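A structural walkthrough
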Amino acid sequence: MRVLGIDPGSRHLGWGVLERVGTRVEHVAHGVIDVDLDGTFADRLVDIDDRLGEVIAAHAPSHAAVESIFFSKDAQSAAKLGHARGVVLLRLARASVQTFEYPPALVKRTVAGKGAADKRQVAMVVTAILRLGTPPRSDAADALAIALTHCNVVGFQTALAASAPARPARRRANVP
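These remarks concern the structure in this document. Just so you know, these numbers come straight off a predicted model, no measurement behind them.

Counting its regular elements, the protein contains five helices and five strands. Counted from the first residue to the last, the protein has its helices and strands arranged as β-β-β-α-β-α-β-α-α-α. Across the 176 residues in the protein, those meeting the buried criterion constitute 40%. For the protein, the share of sequence-separated contacts (at least 6 apart) that also reach a separation of at least 24 residues comes to 60%.

Spelled out as structure tokens, the structure:
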């Protein structure tokens, strides 16, 4: 299973690709899509769409994990983030990539052990888990953390399904 993790943003969109083979998770690639802030907001969304399409084409993920929306005190920032997430979800759907969403606190708790971990802690833990030489930029580290969360969820579900006892077939009573 190849997972594309995405930390959506209208200025900086983090992405990370992991490959899960059995119980092993391997780092494939990561990066940040930095959009040109001189154009209109619509131009930024087009840039995000185009460049995310290139990432999907280059890495052919079977699954995507996207940070779910959270509420912010700044309504304008939250709206812009919502627009960027919409572009991401649409691009993934058009590419037929199975998509899952995870809240930020769950991602931090899964990777760093606590839901209030800061970006530096997340980056350091991701660096250690994936055996990276240097910590990635915070947006890419968050995207890799989201992908790791999905890999862990799938691993847990697979182990749970394998441990479930087989149900015997029900016998019908012979009633004339």
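Picking up where we left off.
What follows is about helix 2 (residues 75-94). One full turn of an α-helix is made of 3.6 residues, so residues set three or four places apart face in the same direction. Counted at 1.5 Å a residue, the expected span for helix 2 with its 20 residues is 28 Å, and the 28 Å between its end C-alpha atoms agrees. Every buried residue of helix 2 is accounted for by L81, A84, R85, V87, V88 and L92. Down the axis of helix 2, the sector holding all buried residues measures 155°, keeping them to one side. Turned more than 90 degrees away from the buried face of helix 2 sit A75, Q76, A93 and R94, all of them exposed. Along its buried surface, helix 2 packs onto strand 1 (2-7), strand 2 (12-21), helix 1 (41-59), strand 4 (63-67) and strand 5 (98-102).

Contact geometry for helix 1 and helix 2: axes closest at 10 Å, N-to-C directions at 35°. As helix 1 runs across helix 2, the sense of the crossing is right-handed. In this structure, helix 1 contributes F41, R44, L45, I48, D49, D50, L52, G53 and I56 to the contact, and helix 2 contributes K80, H83, A84, V87, V88, R91 and L92. For the contact of helix 1 with helix 2, the residue count by class is nine nonpolar, two polar and five charged.

Another aspect to go through is the environment of G53. Structurally, the position occupied by G53 is in helix 1. For G53, a relative accessible area of 16% corresponds to the buried category.

So, about the pattern of salt bridges. Applying the stated rule across the entire model yields eight salt bridges. One salt bridge connects D34 with R137, and the closest N-O pair in it is separated by 2.8 Å. In this pair, D34 sits in strand 3 (residues 24-34) while R137 sits in the loop between helix 4 (119-129) and helix 5 (138-163), placing the two residues 103 residues apart along the sequence. The shortest N-O distance in the salt bridge between R85 and E101 comes to 2.5 Å. Remark: E101 occurs in strand 5 and R85 occurs in helix 2; sequence separation between them is 16 residues. In this structure R85 comes out as buried when scored by relative accessible area, which is 8%. On the basis of relative accessible area, E101 is assigned to the partly exposed category, the value being 42%. Each of R24, E26 and R131 takes part in a single network of salt bridges with overlapping partners.

Here is what the cut-offs are and how they apply
- Residues numbered from 1 in each chain as written.
- Predicted model: local features only at pLDDT ≥ 70, side-chain atom pairs only at ≥ 80, totals over all residues.
- Heavy atoms only, no water.
- Helix = DSSP H or I, 4+ residues; strand = E, 2+ residues; numbered from the N terminus.
- Buried < 20%, exposed > 50% of the residue type's maximum accessible area, 1.4 Å probe, protein only.
- Contact = heavy atoms within 4.5 Å.
- Expected span 1.5 Å × (residues − 1).
- Arc of directions from axis to C-beta.
- Axes fitted to C-alpha atoms, helices over the stretch in contact; angles between N-to-C directions.
- Left-handed = near helix turned anticlockwise from the far one by under 90°.
- Nonpolar A, V, L, I, M, F, W, Y, C, P; charged D, E, K, R; others polar.
- Salt bridge = Lys/Arg side-chain N within 4 Å of Asp/Glu carboxyl O.

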